[in-house]
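Chain by chain, the residues:
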Amino acid sequence: MRGRRKGTLVADAVESAWDVSRETSVDSALEEDELPGTDTPIARAARRALDIRSGAVTMPAPREPRVLCVANQKGGVGKTTTAVNIGVALALGGLRVLGIDLEPQGNASGALGVERTVGTPSIYEVLLGEIDARDAVQICPDAPNLSCIPATLGLAGAEIELVSLVARESRLQKAIADIRADYDYVFIDCPPSLGLLTVNAMVATSEVLIPIQCEYYALEGLGQLLRNIDMVRKHLNPAIDLSTILLTMYDGRTKLADQVAAEVRSHFKEAVLTTVIPRSVKVSEAPGFSQSVLTYDPGSRGAMSYLDAAREIADYGAKER
Ligand code: ADP
Ligand code: MG
């Protein structure tokens with residue numbers, strides 16, 4: 001194992017080989033309709049893949065509807081991937097979930113398989129007050145209890161257009177006030193900046209979920225994000241809580257990943273989910289098929305870890321406090 005580094009041809013090939021061998025075993029176990037009884041990773045994967053495929057996953061409902069914004073001004077840390085996969089996992093578990101795509105690229109809308117071509121009613125028109133949030137909601141093909149308000153490229157201009165509007169920081173909050181109670185969970189996928197769109201998300205939420213990539217420089221810029229959350233708490237939304245941190249793209253072959261994880265845990269303590277999302281080819285492939293990793297490859301490590309992370313989030317929401 002020593003000497004292998006992520007991103008190298010060898011490392012990628014090894015990971016693919018691991019996935020292929022595991023996948024073959026999972027698939028054959030499922031085909032034979034007989035799950036291995038032993039407690040090996042493959043047996044666990046097969047059992048869970050079967051649960052996902054057969055709809056046997058259940059998640060506890062939250063005591064109150066929860067709105068989480070998935071934020072980090074760094075790009076490429078797994079915000080969109082996390083919003084999508086946690087949302088899908090909770091929906092597969094029977095909860096009513098709404099994803100709000102607040103990122104002009106519309107990657108979350110794409111992964112959730114909803115329409116996002118120019119002209120589709122989207123979060124942009126909702127923010128400008130041109131349409132009702134309810135009229136922009138689409139049901140995702142993957143699950144009837146999973147919906148999405150998509151983003152189209154038009155949203156790219158919103159940061160600037162919002163500046164001159166009345167109550168510019170609280171437009172999203174007002175827009176979703178009427179529909180948030182229709183869902184157990186609302187996830188808002190933020191753009192990689194701390195501009196007005198992210199501020200709107202933070203005002204509309206009760207909780208912030210920060211994905212942190214287990215990489216060098218991962219903690220850089222986090223101070224600024226925390227100061228922003230404090231500022232929003234002070235001036236715009238006293239209820240905002242940094243409730244959840246998820247470590248993403250963990251590569252167990254590097255010491256660095258462990259160091260980053262340990263540092264994040266020592267600083268943020270119980271806000272950090274026990275589950276860590278591994279770096280996995282399947283996770284990055286799924287959006288290319290307009291899918292979450294849970295539907296694209298339910299037996300993969302990526303799917304299992306997002307399912308576990310979603311369960312931790314659901315358990316926390318259901319807990320009496
Ligand atoms: P953000 O929304 O923070 O910009 P994304 O969720 O879009 O980040 O992720 C950035 C890139 O990394 C995407 O190409 C995504 O598919 C990939 N990615 C995210 N999580 C993982 C993972 N656990 N393993 C491998 N690739 C990942
Ligand atoms: Mg994103």
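Computed from a prediction, not measured in an experiment: that's the story for all the values here.

(A) Unusual backbone geometry, seen in detail. The backbone of Met249 shows a phi angle near 50°, a positive value even though the residue is not glycine. Here Met249 shows up in strand E7 (residues 241-250). Of note in the backbone geometry, Ser290 takes a positive phi value of approximately 50° without being a glycine. The topology assignment puts Ser290 in the loop between helix H11 (281-285) and helix H12 (293-296). On the basis of relative accessible area, Ser290 is assigned to the partly exposed category, the value being 38%.

(B) Region of the structure containing the pairing of strand E6 (residues 207-213). Buried residues dominate E6, accounting for seven of its seven residues. Side-chain alternation along E6 places Glu207, Leu209, Pro211 and Gln213 on one buried face and Val208, Ile210 and Ile212 on a second face that is also buried. Looking at chain direction, strand E1 (residues 66-70) and E6 are connected through three bridges and run parallel. Bridge assignment links Cys69 to a residue of E6, and that residue is Val208. Relative to E7, E6 is paired through seven bridges, and the arrangement is parallel. Considered in E7, the bridge of Gln213 is made with Thr248. Read from E6 through helix H9 (residues 222-235) to E7, the crossover connection turns out right-handed.

(C) Seen up close, the side chain of Ser147. Within the secondary structure, Ser147 sits in strand E4 (residues 146-149). Filtering out sequence-adjacent residues up to four positions away, Ser147 remains in contact with Val97, Leu98, Gly99, Val137, Gln138, Ile139, Cys140 and Tyr183.

(D) Highlighting the site of ligand 1. Gly76, Thr80, Thr81, Pro278 and Ser280 are the nearest of the 14 residues found near ligand 1. Contacts to ligand 1 include Thr81, whose side-chain N or O atom sits 2.5 Å from an oxygen atom. Here a nitrogen atom of ligand 1 and a backbone polar atom of Pro278 are 2.9 Å apart. Against a free-state accessible area of 550 Å², the protein chains account for coverage of 77% of ligand 1. At the level of secondary structure, the elements contributing two or more residues to the shell around ligand 1 comprise helix H3 (79-92), strand E8 (272-278) and H11. In terms of residue count, H3 provides more of the shell around ligand 1 than any other element does, three residues in total. Among the residues making up the shell around ligand 1, the classes are represented as five nonpolar, seven polar and two charged.

(E) Summary view of the pattern of salt bridges. Applying the stated rule across the entire model yields 10 salt bridges. Between Arg279 and Glu215 there is a salt bridge, with its nearest N and O atoms 3.3 Å apart. With Arg279 in the loop between E8 and H11 and Glu215 in the loop between E6 and H9, this residue pair connects regions lying 64 residues apart in the sequence. Given the relative accessible area of 28%, Arg279 is considered partly exposed. Classification of Glu215 by relative accessible area gives buried; the value is 18%.

The rules behind these values
Residues numbered from 1 in each chain as written. Chains lettered and ligands numbered in written order. Predicted model: local features only at pLDDT ≥ 70, side-chain atom pairs only at ≥ 80, totals over all residues. Heavy atoms only, no water. Helix = DSSP H or I, 4+ residues; strand = E, 2+ residues; numbered from the N terminus. Buried < 20%, exposed > 50% of the residue type's maximum accessible area, 1.4 Å probe, protein only. Pairing = 2+ DSSP bridges. Right-handed = clockwise from strand over helix to strand, strands pointing away. Contact = heavy atoms within 4.5 Å. Near = heavy atom within 4 Å. Polar contact = N/O pair within 3.5 Å; in protein donor to acceptor, adjacent residues only side chain to side chain. Areas by Shrake-Rupley, 256 points an atom, 1.4 Å probe, with all protein chains shown as cover. Nonpolar A, V, L, I, M, F, W, Y, C, P; charged D, E, K, R; others polar. Salt bridge = Lys/Arg side-chain N within 4 Å of Asp/Glu carboxyl O.

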